[in-house]
Amino acid sequence: MRAVLMAGGSGTRLRPLTCDLPKPMVPILNRPISEHIINLLKRNGINEVIATLYYLPDVMRNYFQDGKDFGVQMTYAVEEDQPLGTAGCVKNVSDLLDETFIVISGDSVTDFDLKAALQFHREKGSKATLVLTRVPNPIEFGVVITDDENRIQRFLEKPATSEIFSDTVNTGTYILEPEVLDYLPANQETDFSKDLFPLLLEKGEPMFGYVADGYWCDVGHLDAYREAQYDALHGKVLVDFDYEEVSPGLYIGQNTFIDPSAKIEAPALIGSNCRIGPRTTIEAGTVIGDNVTIGGHADLKRPIIWNGAIIGDEAQLRACCIARGARVDRRAHVLEGAVVGALSTVGEEAQITPGVRVWPSKQIESGATLNINLIWGNTAQRNLFGQRGVTGLANIDITPEFAVKLGAAYGSTLKPGANVSVSRDQRSISRMVSRSLIAGLMSVGVNVQNLEATAIPVARTVLPTLNVAGGIHVRMHPDRTDHILIEFFDDKGIDIPKGKEKKIEGAYFKEDLRRSQIHEIGSVAYPSRVIDTYTTAFEKHLNVSAVNHSKTKVVIDYAYAVSGAVLPQLLGKFGCDAVVLNASLRQAAPSTAEREGMLAQLGQVVQALRAAFGAQVSANGEQLVLVDDVGTPIRGEILTALMVHMMLTSHPRGTIVVPVHATGAVEHIARRHDGQVIRTKVNPTAIMEACQKNDNVVLGGSADMGFIFPELHPGFDAMFCIAKLIELLTVQERTLGQIWSELPRVSHREQTLRCPWTVKGALMRYLVENHPSEQLELIDGVKILGDSSDDWILVLPDAGEPLVHIYATSADRDWIDAKLKEYLERVQNFIGNEQGIEEVAV
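Treat the numbers as computed from the prediction; the structure is a model and nothing was measured.

A. Structural context of the packing of aromatic side chains. All told, the structure shown has 16 aromatic pairs when counted by the stated rule. Taking 5.0 Å as the distance between ring centres and 75° as the angle between the ring planes, the aromatic pair formed by tyrosine 410 and phenylalanine 488 counts as edge-to-face. Linking tyrosine 410 in helix H7 (residues 400-412) with phenylalanine 488 in strand S40 (residues 483-489), this pair joins segments that are 78 residues apart in sequence. Residues phenylalanine 538 and phenylalanine 720 carry aromatic rings whose centres are separated by 5.2 Å and whose planes lie at 85° to one another, so their mutual orientation is edge-to-face.

Set out below in structure tokens:
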């Protein structure tokens, strides 16, 4: 039987360890990951291996050669011109595969029983069997759902937190029949999870998932790489050791000298031809390669040291990686999570702080403290983007140097000479960050259309007229006044999709940043008539006649935001009787508590002036809270229902787009007006895209995100919403109180529980497996329908915090009380049981 070893990975997230080494050749216990995989194949009776190569192919070919020395027959297939993807590279060798074969990743560590998986495949008569495992946090892997007979029903590649329906994931090991490759085109980039398996599912081919027992670790990033080493040393995974076990858990190679005064704690591994100096301390978990020299009085706490490294006297290493031939001189410190690249030198008494990476062949001067990556930039993070854009503490996480690099990373994903718009709110910190972003964009040859201090709705409206590839907006975070939020738009003004975010993250983390020559540096322009462009669009989509003849008096609280410089001009132009509060741009951004106080003040002013309504604008012109004529705030699900009711009254048979957790009153209202409701995932990009892709959408969004009027621009716009309210109240000749009284009597409640990240996937799988499929909706989180489709419970993992939200909607309050109590207990019990299992395992 043959196996295809996929060994073409470049291991960008393991840089700098993989700068001169493909990821499958990175050592675990001093032997390449791919060698451990070949040993696994041998233990399972597989002796013919076809390795597919792309990145630095000669490294693997030179190491294994024909495979004879390793007890297998090796054949190599190199993707010469372009990577063909996980499936395309196997299709490339289809002429060598005439019977059942195994595909296995060359960059994971595992001890799965492949014989048992193969037996399962044959007993099921499967065309494709995916070897699966369960992991605590499935967000970085392909999630797979199977039925009671293990037939695959659904899978999702690298889901967002709220999309996790199971903790059962794809391990990249497949048992396939050769005919399934006939579905793939030749010489094209294709992927098993994205292309072949969905096609097999669509064609009804028998495809099963085998949940394997045993150990599995995808060595996808530096933390996982270290953990795999420690797990192997502690015997959590069955691997072959190439050295003699001289005492329990202590493995030492040949011709290695250890000074008798050195202290070594097991488990540990020391390679061949090493020298360990006097009074050196080696803590359990340490892995030392071949031909390594360690001086006296050194203190080693779980470092991974590759072949040929030199560690000086009194050096201190803490859970770090020291690559091939690197040198750490006397009294130098390399701290937790740091990486020193091949052939680099850390000078005497120098210190590399936690998480910092040094690329190969670099010199760190004696006494220096390195707290940034030696190439460029700050300590690398795993992800830049959250639920919405890039956010962090102002001038702590989001610093000028961070913003320069982020701008360069974004610009490097665009063509040289491309144009990008940059806008911001009026805060000084936002000005600083936007200027740094502009510097980064210019450095990679991208031209900037600088809109300066501009409300987001204005920026989105203007952007399509500027012939730009995209846009960036910088503002104080609407919910956290000590945080900055950086948002990225596409050429239509829609928030960029996850795929684009991943490209920017790739350029940032790989430090794959273009460097332009002097004459190619980008330029900065300042577009004129920006407000005029927005005003023209504003007028075009508003019943100006109704607004002009309106006798409606409104009070608007701008909460010291830049929208205060825009909306008064527009309303004044239409002759509206608008009273303005808190319009100064020089005041600091109000806290949440201060905003509540301002809202109470707004209610008092509305009552005193006998105004029709009041509105407090927030989130730089995107969101609002209403106050009715008696000063009562209208927000949350009531505001959502009120806006839907008013828009469908004006546009019968229209379409409404709302997030999946919005109140069920929306469907009740839509039925009154023969309208349609489309529910989306709970993120702004999904709502914007649905508003643009579907016909006859008259309103999108919700109170907690803002409202979209798709005919105006693709984003949320509180300013247009206020003008639209004036128009609708005038045309419909009713007050907000009257409209409120007409809303369906539907209750909508929410509860929030703490839920560890590692439990979220298992919780979603538990809910899916314990309810009939016809009772479930899996748009985002897990929604469980009641006897009526108007009654439902939604369990939704939080995308940014270790929380889970439970929403309930029904016209029957007793039903809501009973179901909330039931599901709170079920979720709490499940979380408690899972945490107990984890504690026992530890």
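B. Spotlight on the nonpolar core. Counting residues in hydrophobic clusters, the biggest one holds 67 residues, and the most contacted among them are Phe538, Leu567, Phe613, Leu626, Leu699, Phe707 and Ile722. In terms of residue count, the dominant contributor to this core is helix H18 (residues 718-732) (10 residues). Membership of the second largest hydrophobic core comes to 66 residues, among which are Phe112, Tyr225, Tyr243 and Tyr251.

C. Geometry of the pattern of salt bridges. A complete count under the given rule lists 37 salt bridges for this structure. A salt bridge links glutamate 622 to arginine 388; the shortest N-O distance between them is 3.1 Å. In this pair, glutamate 622 is assigned in the loop between strand S44 (613-618) and strand S45 (623-627) and arginine 388 in the loop between strand S35 (369-370) and strand S36 (390-393), connecting sequence segments 234 residues apart. Among the salt bridges present, the one from arginine 679 reaches glutamate 667, with a minimum N-O distance of 2.8 Å. A residue pair is termed long-range when its members are at least 10 positions apart, and arginine 679 in strand S48 (residues 676-680) and glutamate 667 in helix H16 (residues 665-672) qualify at 12 residues.

D. Here's a closer look at the pairing of S44. Counted residue by residue, S44 has six buried out of six residues, so it is predominantly covered. On S44, burial covers both faces: Phe613, Ala615 and Val617 on one face and Gly614, Gln616 and Ser618 on the other are all buried. Sheet topology note: the strand S42 (residues 553-557)/S44 ladder contains four bridges and is parallel. Across the sheet, residue valine 555 finds its bridge partner in S44, namely glycine 614. Examined bridge by bridge, S44 and S45 share five bridges and lie antiparallel to one another. When the sheet's bridge partners are listed, valine 617 is paired in S45 with leucine 624.

E. Examining helix H4 (residues 114-124) more closely. Here H4 has its buried residues at Leu114, Ala117, Leu118, Phe120 and His121. Around the axis of H4, the buried residues are gathered within 155° of arc, so they sit on the same side. Of the exposed residues in H4, those oriented more than 90 degrees away from the buried face are Arg122 and Glu123. Looking at the buried residues of H4, the elements they touch are helix H1 (33-43), strand S6 (101-105), strand S8 (128-134), strand S11 (168-176) and strand S12 (207-211).

F. Representation of the sheet that holds strand S27 (residues 321-322) in the model. Strand order across the open sheet formed by eight strands is S14-S15-S18-S21-S24-S27-S30-S33, with mixed pairing between neighbours. The outermost strands of the open sheet, each flanked by one partner alone, are strand S14 (244-247) and strand S33 (357-358). Sheet topology places strand S30 (residues 339-340) next to S33; two bridges connect them, and they run parallel. Residue valine 339 lies in a different strand from S33, and its bridge partner there is arginine 357.

Thresholds, definitions, all that
- Residues numbered from 1 in each chain as written.
- Predicted model: local features only at pLDDT ≥ 70, side-chain atom pairs only at ≥ 80, totals over all residues.
- Heavy atoms only, no water.
- Phe/Tyr/Trp six-rings, centres within 6.5 Å; stacked < 30°, edge-to-face > 60°.
- Helix = DSSP H or I, 4+ residues; strand = E, 2+ residues; numbered from the N terminus.
- Core = buried A, V, L, I, M, F, W, Y, C linked by side-chain atoms within 4.5 Å.
- Buried < 20%, exposed > 50% of the residue type's maximum accessible area, 1.4 Å probe, protein only.
- Salt bridge = Lys/Arg side-chain N within 4 Å of Asp/Glu carboxyl O.
- Pairing = 2+ DSSP bridges.
- Arc of directions from axis to C-beta.
- Contact = heavy atoms within 4.5 Å.

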